[in-house]
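# Secondary and tertiary structure notes
Okay, here's what each chain looks like letter by letter:
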Amino acid sequence: MSIPSDNLSKEEMKMSRIGRLPVVIPGGVTVDVTENNQVTVKGPKGTLEKALPREMSIKVEDGQVVVTRPNDLKKMKSLHGLTRSLIQNMVTGVNEGYQKVLEVNGVGYRAAKQGKKLVLSLGYSHPVEMEDPEGLESKVDGNKIIVEGIDKQQVGQYAAEIREKRKPEPYKGKGIKYADEVIRRKVGKTGKK
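Residues numbered from 1 in each chain as written. Predicted model: local features only at pLDDT ≥ 70, side-chain atom pairs only at ≥ 80, totals over all residues. Heavy atoms only, no water.

## Examining the nonpolar core
So the rule is basically this: Side-chain atoms within 4.5 Å are what join buried Ala, Val, Leu, Ile, Met, Phe, Trp, Tyr and Cys residues into a set we call a nonpolar core. Between buried and exposed lies partly exposed: a residue is buried under 20% and exposed over 50% of the maximum accessible area for its type, with that area taken using a 1.4 Å probe on protein chains only. Under the DSSP-based scheme used, a helix requires at least four consecutive residues in state H or I and a strand at least two consecutive residues in state E, with every element numbered from the N terminus. When checking whether two residues touch, look at their non-hydrogen atoms; a contact exists if any pair is within 4.5 Å.
Grouped together as the largest cluster of nonpolar side chains are 19 residues, with contacts concentrated most on Val31, Val39, Val41, Ile58, Val65, Ile87 and Val91. Looking at this core, the elements that each hand over two or more residues are β3 (38–43), β6 (64–68) and α3 (74–95). Sort the elements by how many residues they give to this core and α3 lands first, with six residues. The contacts of valine 91, once residues within four sequence positions are left out, are Val23, Val24, Pro26, Val29, Val31 and Val41. Of all hydrophobic cores here, the second largest spans 18 residues; its members include Leu102, Ala111, Leu120 and Val128.

## Some details on the sheet that holds strand β4 (residues 46–51)
Paired through their backbone hydrogen bonds, the strands of a sheet run either parallel or antiparallel. Quick reminder of the rule: Strands are treated as partners if at least two bridges between them are detected by DSSP. Every angle, taken between N-to-C directions, lies between 0 and 180 degrees, and every axis is a line fitted to C-alpha atoms, over only the stretch in contact when it is a helix.
Overall, antiparallel pairing links the three strands, which are arranged β2-β3-β4 in an open sheet. What marks the edges here is a single partner per strand, and that holds for β2 (30–34) and β4. Pairs of neighbouring strands in the sheet enclose a mean axial angle of 15°, with direction left out of account. The strands touched by α3 within the sheet are β2, β3 and β4, with β4 carrying the most contacts at an inclination of about 165°.

## Focus on the sheet that holds strand β5 (residues 57–61)
If you trace the three strands from one edge of the open sheet to the other, you get β1-β6-β5, paired in antiparallel fashion. Taken across any chain shown, the strands that pair with only one partner, and hence form the sheet edges, are β1 (23–24) and β5. Relative to β6, β5 runs antiparallel, the two being bridged by five bridges. Note on β6: the bridge partner recorded for lysine 59 is valine 66. Across the sheet, α3 touches β1, β5 and β6, and the angle it forms with β6 is around 160°.

## Considering the pattern of salt bridges
Worth spelling out the cut-off: Between Lys or Arg on one side and Asp or Glu on the other, a salt bridge is scored when a side-chain nitrogen of the former is within 4 Å of a carboxyl oxygen of the latter.
The tally for this structure, following the rule as stated, stands at eight salt bridges. Residue arginine 69 is joined to aspartate 72 by a salt bridge in which the shortest nitrogen-to-oxygen separation is 2.8 Å. We note a salt bridge from aspartate 132 to lysine 113, for which the minimum N-O separation is 2.6 Å. Taken together, the residues span a long stretch of sequence, with aspartate 132 in the loop between β10 (128–131) and β11 (136–141) and lysine 113 in strand β8 (residues 110–114) at a distance of 19 residues. Look at the salt bridges and you will find they share partners, linking Glu103, Lys144 and Lys177 into a network.

## Brief notes about the packing of aromatic side chains
This is how the line gets drawn: Any pair of Phe, Tyr and Trp rings, taking the six-membered ring for Trp, is counted once the centres come within 6.5 Å. Such a pair is stacked with planes under 30 degrees apart, edge-to-face with planes over 60 apart, and tilted for the rest. Both a distance and an angle decide whether a charge sits over a ring: NZ of Lys or CZ of Arg must be within 6 Å of the ring centre and within 35 degrees of the ring normal.
By the definition in use, this model includes zero aromatic pairs. It is lysine 100 that lies over the ring of tyrosine 178; its NZ or CZ is 5.3 Å from the centre. When the ring centre of tyrosine 124 is taken as origin, the NZ or CZ atom of arginine 166, which lies over that ring, is 4.4 Å away.

Scope: geometric values only; no functional claims are made or implied.
Here you go:
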């Protein structure tokens, strides 16, 4: 897809497609950038801090965060898009939060909450217990496990760890899967006649 060049300068054409987009700061959210690109984002759901690549120039102006890169080397182009995406994820996290939904499928497979612990019955000889990490919360709703938090990477990581306890198997689909995940089913063996 080509970008119409009539309203963009040559400099703007060279910039990363994602990196070029400014991050809009919603009401109630503040973004502070200190030296060495230490970015702090505060919002209604909490505060996130991250040290971002020093090569990038990060400026807060007119209710937006603008990321620019020093040159057009391939590494700088990829860092440019990454830095902008990380800032966007932080802003979205403190404003709305992130959520991953997992489903527990299988006879006798269950999930329950005990305080900050998630207790999973997955057909092993013992229940699997997982402590909610700092800043994350898991809820159980029927056969669904909902992981919530403000850090997108942590939410995804914890959801992946829960799924790892009993991955869905391809024959009956038993196990823990993401709510939007489609399991490719295999046909079981049939006896010869």
